[in-house]
Amino acid sequence: MSLPHFIDAEYDIVFAGGGTAACVTASRLAEAGPDLRILVLESGPTTKDKLEHIQPGRYLSHLAPTSQTAQFYTSPPSEHLAGRSVVVASGRCIGGGSSINFALYNRPAASDFDAWETEFGNPGWSAKDLIPLLQKAETYEIDTRKPTHGREGPLKVSYGGPGSILGISKQILDIGPKLEKDRPFHDEGNGFGTESVNVFYLMPKWISSDGRRSDVAVGSQNLSVLDGCLVNRIIIEDGVATGVEYCFDRRVYPSSPQNLRTVRGKKLVVVSAGAMGSPLILERSGIGSKDRLEQAGIPVVVDLPGVGSDYQDHSFYILPFIADPAEATFEAMSQPEEWIKSQQQWEKDGGGRLGGNGVDGVIKMRPLPHEIEELGPELAAHFNEVYADKPDKPLFWLCASASLRLCIFLGYPESRGSLHIASADPYAAPDFDSGFLTKSKGREIMRRLPAFRGAVDSLHPQFAPDSLAAVKETLPVPLDAPKITYSAADDDAIDQNIRERMQTTWHSLGTCAMKPLSEGGVVDSQLNVYGVKCLKIVDLSIAPSNVNSNTASAAIAIGEKAALIIANELGIAVV
């Protein structure tokens, strides 16, 4: 029986996982050190030349239950979520999340990165260190003169292909600043500072101006990136990581033999399977909480309790509304004639709905001084403690998708979860607890849009019949219409609706945190795993605290920073 790949017995560097950060790091190292032999093993399939990855507008296909490019992790039912489970998807393909995500270009606040350095003792990880690396990675096709954006990087950033910005999004950017007079329109929503808070802006995307997804690129003669290779564990000899044990993933190559194989990493082994995968590889390798490992029957190599703890995400809440049938929406593409028309448009010039993602009108919202009281005493106290001295931090960000859905993302949830192995079987579902579980100005904007034709009542808060909070209109209201008022009972209905409908944004991070060992850390500031030599982690699992962004940008920054760290240790220079 032929094997899917021929893999040599030894390489200089072996990556266990081929997601966003891994591909960035491996590509930079391969370019800087042409004599290095680098191997990246990814459990999922390749994405090369596949239309579902090239066309941005197909992103929702990767969340289908039958998806082969994502792995789904189910948290048990929770009373905090009205008895529901949360299912979190994580990229499982070459390029990881950058190959299947919504392609939103949404960058953190500078204080988010600064916290990694100052609050968690990681020199070299501040905003002044990481922002130049993000610039290096991108070409900001919108305006290369912008001071915090890049000009010559491999990843293209634009507003999407021609004609991909739909009418509903334009209405948001028109009506929003008129209603929220203290929140104007601005041409920069990703400048890392206060200029990007409380302004409506057009959302850039990791999409080129000709309508192609801009995922992390890999490829060179000394870099082998192989799909369908599931890493079981890291081989550790006398406290040194010397290689990995893997098999050909039966989900990608069903007819391949399932015997375990090994490959050695002569200089370094890098665990890079993402926030959902890296802690599981460590635990199967004997690195983790002693009690957890013993329960799974795995010999303890390093008792490291922080592995798999502090799982973090962003909360995501959607309120759907009814759109004017004349408006172009993404749902309309479910009709065969609309799909054909969209496909023909993309093939012509990369434009139309398939050349974008339908998320264009956005605002990162932070309470103005006169609004803090509206938060209520508990949240107001939390805001004053956490946010008051960091004016670049929004409380949440809000957008309207091109389906007339109001989407609200909480930037810095306080809740924490965990992720651990349930057995030594690399195919077995892990023990995952999302830890999930917070009134919205967004309803006021939505009911004033020209496209508005009412609320989807069954999915909105179930207010009492005599409540003044229910949205009963089926046509847009005037800009100066009275604003909705909420009673205590209405607040309770909103809370219940949030528990019933809040979801993940698939922004998992923090499960192998970069912080001191005494504080539950797993890696140090040089990304070394505590207690094991020649073993690093390079992915979002190392983030010690959350970032108010779509996490692709954080993963890219981590990948670029890791390339500098590793290159310095190897005595080579990354350009």
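Small disclaimer: the values here were computed from a predicted structure and weren't measured. (Residues numbered from 1 in each chain as written. Predicted model: local features only at pLDDT ≥ 70, side-chain atom pairs only at ≥ 80, totals over all residues. Heavy atoms only, no water.)

Colleague: Is there a simple way to explain the pairing of strand β2 (residues 38–41) in this structure?
Modeller: It is a general feature of regular strands that their side chains alternate between the two faces of the sheet. Where burial is concerned, the two faces of β2 agree: the one with Ile38 and Val40 and the one with Leu39 and Leu41 are both buried. Where strand β1 (residues 10–16) meets β2, 4 bridges bridge the pair, whose relative direction is parallel. For Ala16, the partnering residue across the bridge sits in β2 and is Leu41. Handedness of the β-α-β unit built from β1, helix α1 (residues 20–32) and β2 comes out right-handed. With 4 bridges connecting them, β2 and strand β8 (residues 223–226) associate as parallel partners. Residue pairing in the sheet places Leu41 in a bridge with Leu226 of β8. (Buried < 20%, exposed > 50% of the residue type's maximum accessible area, 1.4 Å probe, protein only. Helix = DSSP H or I, 4+ residues; strand = E, 2+ residues; numbered from the N terminus. Pairing = 2+ DSSP bridges. Right-handed = clockwise from strand over helix to strand, strands pointing away.)

Colleague: Looking at this structure, how should I read the packing of aromatic side chains?
Modeller: Aromatic ring pairs are defined here through the distance separating the ring centres and the angle between the ring planes. Considering all chains together, one arrives at 14 aromatic pairs under this definition. Centroid distance Tyr105 to Trp206: 4.9 Å. Interplanar angle 70 degrees. Geometry classified as edge-to-face. One end of the pair, Tyr105, is in the loop between β4 (87–91) and α3 (110–118); the other, Trp206, is in the loop between β7 (200–202) and β8, with 101 residues separating them in the sequence. Both residues of the pair, Tyr105 and Trp206, belong to the buried class. In this structure an aromatic cluster arises from ring pairing among Tyr59, Phe102, Phe316, Phe330, Trp397, Phe409 and Trp506. Its end group placed over the ring of Trp346, Arg212 keeps NZ or CZ at 4.1 Å from the ring centre. (Phe/Tyr/Trp six-rings, centres within 6.5 Å; stacked < 30°, edge-to-face > 60°. Lys NZ or Arg CZ within 6 Å of the ring centre and 35° of its normal.)

Colleague: Just to check I follow, could you spell out the pairing of strand β11 (residues 261–271) for this structure?
Modeller: With 6 bridges connecting them, β1 and β11 associate as parallel partners. Its bridge partner being in β11, Val14 is matched across the sheet by Val269. Pairing of strand β10 (residues 240–248) with β11 involves 4 bridges; the strand directions are antiparallel. Among the inter-strand pairings, Glu245 is bridged to a residue of β11, identified as Thr262. Bridge analysis of β11 against strand β22 (residues 535–537) gives 3 bridges, and the strand direction is parallel. Bridge pairing in β22 links Val270 to Lys536.

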